[in-house]
Amino acid sequence: MIVLKFGGTSVGTAESLANVKKIVEGLDREAVVVVSALGGLTDRLIATARMAADGDMNYIPECEAMARRHYDIIRAVVPEERCEMTCSAISPILHELRRLYDGVNLIADLPEKTLAQIVSTGERMSSVIVAAMLPQATHLDSLSIIRTEKWFEKDIAATDLTTSLIREALAKDDVIFPVVMGGFISSDKNTSEITNLGRGGSDYTAALVAAAMDAEVLQIWTDVDGFLTCDPRIVPQARVIDTMSFVESMDLCTFGAKVIYPPTIYPVFHKNIPIRILNTHRPEAPGTFISDSHSASRPPVTGVSALRDEALVTLRGKMAADPAAISTRCFNALARKGLAVHLVARTPEVNAFSFAIATPDSPAAIRLLKEEFAPELVDGLLEVLELQSGLATIAVVGDNVKSLQGGAQRLRTLLEADGITIHALSDHASETALSFVVEGDESPQALRVLHRALFEASPADGEPG
Ligand code: ADP
Ligand code: ASP
Ligand code: MG
C-alpha cells in the first residue's frame, strides 16, 4: 500500500485536480489519498470568520463565493452522473458553515472551538469532491478516525488510538481502494469536538496513515519539483535535492522549510517508510527521496532554511558562565509547558547564555524562567533576563555539516561581510545543523548569501566545503 497526499496547491483548480485524477488512476497498488482543502481556502475561511466576528457583513458574500467555488469545481471535475449526489453531500457542510459564521457575527467573538469547526469544512468538502471525481473510491471521514488529545494548550494526535482506528476503518469489507480522506482535520478523543493538527497538517495525517498501515512509501504531491536547497520564493536559484535523510528533512522543516509540516517526519521515520516529494503539475519529475540513508561522500550541506518571527532570550550573570548548570533547568522548565527552543548559544566568556524561541512563546518562556531562577535572580547570580524580538533563526543543514570547511565561523564572516548582523550563533548544539540568529528583515538576504556560497559558487570562487 502507498499513501499519497495532495496539498492545497494540487487541489485548487479543475486543471490541477485533473492531474490528481491521472496520477491516482495510474497507480498499480492499493492507495490512500489524503487531500487538503482547495488551495487558499483555509486562509479564506479564517479571514471570513474574523470578518464575521468584527461585524463586517462582507462575510456573507465571501461565504457565498466559497460555496460557488466548490459547486463550480464539482461541475468541472465530477462525472455528470455523480454531480448531484456530490452537491447534496457538500450542501449541508456549506449550510453549517454559514450558520457558524452567522453565530460568530451575532456574538461578535470567535472562540477557538468555533474556528476549528469553520476550518474543518475545507477538508470535509475537498475530500468528498476528490472521492467523487475518481471512478471508484471510498471516502473516509477523518473526523472519526484521526483523534487528538490535549497537550498543554495544543491538540496533538492521540497516535495509538488513531492507529487502531485507521487500521479498523481500512480493514472493513466494503472498502474499495483508493480510499480518499481529508487531511488536517480531527476530533478530540474525549469530547469528540472538532480539532485539527495545525496549519499544514495534512502532511501529518498522511504520515499517520502511512505509519499505521506500514505503507511502502509516503508520497507528498505539491507544486514544486521536490525538496529544494532553499525556499524558491526567496532564492530562485534553489535546486532540487535528489536524496536526503530523515534527519536532514526534519531539521530543514523545523527551521522553516514549508514543504513538509515538521511533525510529519516522526511517524514514518520510526517505521522507516521513505517519503517522496513530487510535483502534481510535473509528475514525470523524479522529485526528492527521503530515507534513512546516510552517505559520508555527500557534500557537507544539503539545504538552508529560516524560521521567521523568532525572539532571543538571554540570561546574563555569573551563573551563565557555567552553561551546564543553567541549561538543564532552563530547558526542563520550558519543556514542562511544551515550549520548543530553536537555537542555544553559550558565551560563557561574557557570562551569557541565550536561546531562540518563537516570538509568541516568548512571554511564557520569560515567566517560566523568572519562576525557575527566582532564588538566583534574588541572590544576583543571575542579573538579567533579556528578550529581543523581530529576529529570524537561519539553519544550515546537512548530515555531514561537521565537515564544512571553516564551519560556522567561516559562514559568520561571509554574512557579516555582507552587512548582516548576527545576534547569536550555534555551532555545536546539533550534529547536523549550524544556526544563526539574525535580524528578521535581513533573513532573506542571509539565505541568499549562504545559498550563493554553499550551492552556487564554483570551488574556484572559494566554496566552503
Ligand atoms: P501544499 O499545498 O502542497 O501543502 P505548501 O505551500 O505547504 O504546499 O508547500 C510547498 C511550498 O513550500 C512550495 O511552493 C515552496 O514555495 C515552499 N517551500 C519553502 N521551502 C521549500 C524548500 N526548501 N523546498 C521546496 N519548497 C519549499
Ligand atoms: N488546509 C490546511 C492548511 O491550509 C492543512 C494543509 O493544507 O495541510 O493549513
Ligand atoms: Mg503544506
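### Notes on the sheet that holds strand β9 (residues 217–222)
Argument step 1. Read from one edge to the other, the open sheet built from eight strands follows the order β3-β6-β2-β1-β9-β11-β12-β10, with strand pairing classed as mixed. In the strand order of this sheet, the two ends are held by β3 (138–140) and β10 (243–245), each with one partner. Neighbour to neighbour, the strand axes of the sheet diverge by 20° on average, direction disregarded.
Argument step 2. Alignment of β9 against strand β11 (residues 275–279), held across five bridges, turns out to be parallel. In the strand pairing of β11, T222 is matched with N279.
Argument step 3. Against the sheet, helix α9 (residues 246–254) engages β10, β11 and β12 (288–291), with an angle of about 85° to β10.

### Looking at helix α14 (residues 407–417)
Argument step 1. Within α14, the full set of buried residues consists of G407, A408, L411 and L415. Looking down the long axis of α14, one finds its buried residues gathered within 85° of arc, a one-sided arrangement. Exposed side chains of α14 directed beyond 90 degrees from the buried face belong to T413 and A417.
Argument step 2. Looking at the buried residues of α14, the elements they touch are β16 (384–397), β17 (422–426), β18 (433–439) and α15 (443–456).

### A look at the site of ligand 2
Argument step 1. Inspection of the region around ligand 2 gives S36, T42, E123, F184, R199, G200, G201 and S202 as its neighbouring residues.
Argument step 2. Contacts to ligand 2 include E123, whose side-chain N or O atom sits 2.6 Å from a nitrogen atom.
Argument step 3. The backbone of G200 places a nitrogen or oxygen atom 2.8 Å from an oxygen atom of ligand 2.
Argument step 4. Relative to its unbound accessible area of 260 Å², ligand 2 is 86% covered by the protein chains.
Argument step 5. For the shell around ligand 2, the residue count by class is one nonpolar, five polar and two charged.

### Brief notes about the pattern of salt bridges
Argument step 1. For the structure on display, the rule yields 23 salt bridges.
Argument step 2. The partner of K21 in a salt bridge is E25, and the shortest N-O contact between them spans 3.7 Å. Placement of both K21 and E25 in helix α1 (residues 14–25) is noted, with a separation of four residues, approximately one turn of the helix.
Argument step 3. Since its relative accessible area comes to 43%, E25 is described here as partly exposed.
Argument step 4. A salt bridge links R316 to E386, with the nearest nitrogen and oxygen atoms 2.9 Å apart. One end of the pair, R316, is in strand β13 (residues 303–316); the other, E386, is in strand β16, and 70 residues separate them in sequence.
Argument step 5. Classification of E386 as partly exposed rests on a relative accessible area of 31%.
Argument step 6. If you follow the salt bridges from partner to partner, you end up with R329, R336, E372 and E376 in one network.

### Quick look at a nonpolar patch on the surface
Argument step 1. On the surface, a nonpolar cluster with roughly 260 Å² of combined accessible area is contributed by W151, F152 and I156.
Argument step 2. For W151, the location among the structural elements is in strand β4 (residues 147–151).

### A word on the environment of K172
Argument step 1. Residue placement: K172 occurs in the loop between α7 (159–171) and β6 (179–182).
Argument step 2. Note: C-alpha distance between K172 and P61 (111 residues apart in sequence) is 42 Å.

### Structural notes on helix α3 (residues 59–77)
Argument step 1. With 19 residues, α3 should cover 27 Å at 1.5 Å per step; its first-to-last C-alpha distance of 27 Å lies within 8% of that length.
Argument step 2. Taken together, the buried positions of α3 are occupied by Y59, C63, A65, M66, A67, H70, I73, I74 and V77.
Argument step 3. Check the buried side of α3 and you find it contacts α1, α2 (41–53), α4 (80–107) and α5 (112–133).

### Quick word on the site of ligand 1
Argument step 1. Lining the immediate environment of ligand 1, one finds 18 residues, of which T9, T222, D223, L228 and K258 sit closest.
Argument step 2. T9 places a polar side-chain atom, nitrogen or oxygen, 2.9 Å from an oxygen atom of ligand 1.
Argument step 3. Between ligand 1 and R233 there is a distance of 3.2 Å, counted from an oxygen atom to a side-chain nitrogen or oxygen.
Argument step 4. In the complex, 90% of the free accessible area of ligand 1, which totals 570 Å², lies under the protein chains.
Argument step 5. Classifying every residue of the shell around ligand 1 by side-chain character gives eight nonpolar, five polar and five charged.

Cut-offs applied
- Residues numbered from 1 in each chain as written.
- Chains lettered and ligands numbered in written order.
- Predicted model: local features only at pLDDT ≥ 70, side-chain atom pairs only at ≥ 80, totals over all residues.
- Heavy atoms only, no water.
- Pairing = 2+ DSSP bridges.
- Helix = DSSP H or I, 4+ residues; strand = E, 2+ residues; numbered from the N terminus.
- Axes fitted to C-alpha atoms, helices over the stretch in contact; angles between N-to-C directions.
- Contact = heavy atoms within 4.5 Å.
- Buried < 20%, exposed > 50% of the residue type's maximum accessible area, 1.4 Å probe, protein only.
- Arc of directions from axis to C-beta.
- Near = heavy atom within 4 Å.
- Polar contact = N/O pair within 3.5 Å; in protein donor to acceptor, adjacent residues only side chain to side chain.
- Areas by Shrake-Rupley, 256 points an atom, 1.4 Å probe, with all protein chains shown as cover.
- Nonpolar A, V, L, I, M, F, W, Y, C, P; charged D, E, K, R; others polar.
- Salt bridge = Lys/Arg side-chain N within 4 Å of Asp/Glu carboxyl O.
- Patch = residues over 30% accessible without salt bridge, like charges linked within 9 Å, V, L, I, M, F, W, Y side chains within 5 Å.
- Expected span 1.5 Å × (residues − 1).

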